[in-house]
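# Coordinate inspection notes
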Amino acid sequence: MSIQKVGVVGAGTMGNGIAQVCAVAGLQVAMIDISGAAVTDGLATIESSLERLVRKDKLSAADRAAALARVSGNTDYAALKGAGLIIEAATENPGIKLRILRQIDEAAEDDAIIATNTSSISITLLAAVLKQPERFIGMHFFNPVPMMALLEVIRGLQTSDETHAKTLAFAQTIGKTAITARNSPGFAVNRILVPMINEAIFTLQEGLATADDIDTGMRLGCNHPIGPLALADLIGLDTLLAVMQVFYEGFNDPKYRPAPLLREMVAAGRLGRKSGRGFHSYA
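Residues numbered from 1 in each chain as written. Predicted model: local features only at pLDDT ≥ 70, side-chain atom pairs only at ≥ 80, totals over all residues. Heavy atoms only, no water.

Naming follows an unreviewed UniProt entry, where the chain appears as 3-hydroxyacyl-CoA dehydrogenase of Paraburkholderia xenovorans.

The next point concerns the overall build of the chain. From N to C terminus, the chain includes eleven helices and eight strands. On C-alpha atoms alone, the chain measures out to a radius of gyration of 19 Å, which is about the 19 Å that the 2.2 N^0.38 rule sets for 283 residues. Residue burial in the chain is summarised as follows: out of 283 residues, 47% are buried. (Helix = DSSP H or I, 4+ residues; strand = E, 2+ residues; numbered from the N terminus. Rg over C-alpha atoms; globule rule 2.2 N^0.38 Å. Buried < 20%, exposed > 50% of the residue type's maximum accessible area, 1.4 Å probe, protein only.)

Turning our eyes to something else, we now look at the UniProt feature "domain: 3-hydroxyacyl-CoA dehydrogenase NAD binding" (unreviewed entry) in the chain. Feature annotation in UniProt places "domain: 3-hydroxyacyl-CoA dehydrogenase NAD binding" (unreviewed entry) on residues 5-182, given in this structure's numbering. The distance from the first to the last C-alpha atom of residues 5-182 is 27 Å, and the span holds 41% helix and 22% strand. (UniProt positions renumbered as here; feature names shortened; annotations may be inferred.)

The next thing to look at is a positive patch on the surface. Taken together, the side chains of Arg52, Arg55, Lys56 and Lys58 present a region of like positive charge at the surface. Checked against the element boundaries, Lys56 lands in the loop between helix H2 (36-55) and helix H3 (61-69). (Patch = residues over 30% accessible without salt bridge, like charges linked within 9 Å, V, L, I, M, F, W, Y side chains within 5 Å. Areas by Shrake-Rupley, 256 points an atom, 1.4 Å probe, with all protein chains shown as cover. Salt bridge = Lys/Arg side-chain N within 4 Å of Asp/Glu carboxyl O. Lys, Arg positive; Asp, Glu negative; His and termini not counted. Charge placed at Lys NZ, Arg CZ, Asp CG, Glu CD.)

As a further point, take the UniProt feature "binding site: CoA" (unreviewed entry) in the chain. Residues annotated in UniProt with the feature "binding site: CoA" (unreviewed entry) correspond here to Ser49, Lys56 and Ser119. Maximum C-alpha separation among the annotated residues is 30.4 Å over a sequence range of 71 residues, too wide for a single clustered spot. Cross-referencing the annotated residues with the lining of the second largest pocket gives Ser49 and Lys56. Looking at Lys56, the relative accessible area reads 53%, which means it is exposed. As for its placement among the helices and strands, Ser119 is situated in the loop between strand S5 (113-116) and helix H5 (123-127). If sequence neighbours within four positions are ignored, Ser119 has contacts with Glu92, His140, Gly186, Phe187, Asn190 and Val243. (1 Å grid on protein atoms, 1.4 Å probe; cavity = no way out; pocket = protein on both sides within 12 Å on 5 of 7 lines; lining within 4 Å. Contact = heavy atoms within 4.5 Å.)

For the rest of this paragraph, the subject is the packing of H2 against H3. Here H2 crosses H3 at 165°, and the two axes come no closer than 9 Å. As far as their axial angle goes, H3 and H2 are roughly antiparallel. Judged by the sense of rotation from one axis to the other, the crossing of H2 with H3 is right-handed. On H3, the residues that touch Ile46, Glu47, Leu50, Glu51 and Val54 of H2 are Ala61, Arg64, Ala67 and Leu68. (Axes fitted to C-alpha atoms, helices over the stretch in contact; angles between N-to-C directions. Parallel < 35°, antiparallel > 145°, perpendicular 65-115°, else oblique. Left-handed = near helix turned anticlockwise from the far one by under 90°.)

Turning our eyes to something else, we now look at the pattern of salt bridges. Tallying each qualifying case throughout the model produces ten salt bridges. Between Lys97 and Glu88 there is a salt bridge, with the nearest N and O atoms lying 2.6 Å from each other. The residues Lys97 and Glu88 share a single accessibility class, namely buried.

Here the focus is the nonpolar core. The biggest cluster of nonpolar side chains holds 34 residues, and the ones touching the most others in it are Cys22, Met139, Phe141 and Phe170. The element best represented in this core is helix H1 (residues 13-24), accounting for six residues. If near-sequence neighbours (up to four positions away) are discounted, Cys22 is found in contact with Val6, Leu27, Val29, Phe170 and Ile174. Membership of the second largest hydrophobic core comes to 24 residues, among which are Val9, Ala108, Ala112 and Ile154. (Core = buried A, V, L, I, M, F, W, Y, C linked by side-chain atoms within 4.5 Å.)

In this structure, the second largest pocket occupies an estimated 300 Å³ of space. Along its surface, the second largest pocket is lined by 15 residues, and Ser49, Arg52, Pro144, Pro146 and Met147 are the ones closest to its centre. If you list the elements that add at least two residues to the lining of the second largest pocket, you get H1 and H2. Here the residues of the lining of the second largest pocket are counted per class, giving five nonpolar, seven polar and three charged. (Points joined across faces, edges and corners; volume = space filled by probe spheres on them. Nonpolar A, V, L, I, M, F, W, Y, C, P; charged D, E, K, R; others polar.)

Following the sequence through the fold, Leu229 ends up in helix H9 (residues 228-235). Taking relative accessible area as the criterion, Leu229 reaches 0% and is therefore assigned buried. Placed 194 residues apart in sequence, Leu229 and Ser35 show a C-alpha to C-alpha distance of 32 Å. In this view, Leu229 contacts Ala200, Ile201, Leu204, Ala211, Ile214, Asp215, Phe279 and His280; residues no more than four positions away in its chain are not counted.

Below, the discussion takes up helix H7 (residues 189-205). Compared with an ideal rise of 1.5 Å per residue, which puts 17 residues at 24 Å, H7 spans 25 Å between its outermost C-alpha atoms and is within 8% of the ideal. Considered for burial, the residues of H7 that qualify are Asn190, Val194, Pro195, Ile197, Asn198, Ala200, Ile201 and Phe202. Close packing links the buried residues of H7 with strand S6 (136-141), helix H8 (211-222), H9, helix H10 (237-251) and helix H11 (260-267). (Expected span 1.5 Å × (residues − 1).)

Here it is, written out as C-alpha cells:
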C-alpha cells in the first residue's frame, strides 16, 4: 500500500517538523493536538519555516504554497480517517503516549501503520496497548526535523516485517536516510549521545572546565558541529533528564545515573533555549 496521507498527533516542535517534511514530500497531512491554540501555533511554525526556505532559495514559492495546502490542523481524531501512517509525536512521557496511542487505535484504519516518535521509551511496551501491535513501530526523528537527514527506525518485539519494510520505504519518500535499531533504552543514537552529554554535565559540575571550554574542546578537538552543553540546551534539559532516567531504570546500571547538576537545572526551570537559559544564556 502506498501511503498518501499521514496523521501526526502532536503539533509541537517535533510534530510540526514531521508534518512539514511529509507535506513538502507531496503527502496529505492531518496534524492533531488536544489544544486548538497548539494547532494554530504548529501551523504558523510550518508556514514560517517554509518561508525561510523560500528566502534561502531552497524551495520555490509555488512549492511552499502547495505544501501548506496539504496540511490541515484539527483537534478531532476523526481527521485521521484515510491515513496510511499515523505518527504519535507527543512529549516523552509513557503515560501520555499510551493514552494517545489508545485514541489513535480507535480512529485508525485497519491497515494503517501506527508509529511513535519516542527517543527512548520501549516500542514493545507502547505496542502492547494496540489491537494490532504488529503494525506498530518506532520512528525516531531528529530535531530540527526538516534539517536532519536521519530517521531511526525501531522494531518492537511484535513489529511485523511488512510494517518494517513499509516504514523504510516511507523514509525514502520523505527524503530521510533510515537506520534500524532493536528495542532497547535509547535505541542506537541516543544510547551513545545522551550519556556523552550527561558526562559533559558531570565535567562541568566537578569544575574541570567551564561550559564554554567544554563545548569548544568538543567542537575543535572532536570535530563536533556543536558542543555537548549547547546541544543539551537545544534538546531541552528536561528531555535529557527524562531520557537518562529511562536509561537508569531500564538498565539498572549506575553508569547511567543523571548528573545531579542536570536535575538541579531542571528543578530551577533552566531548560535551555526554550526557557532562555540553560548551560548558556539565550536572553
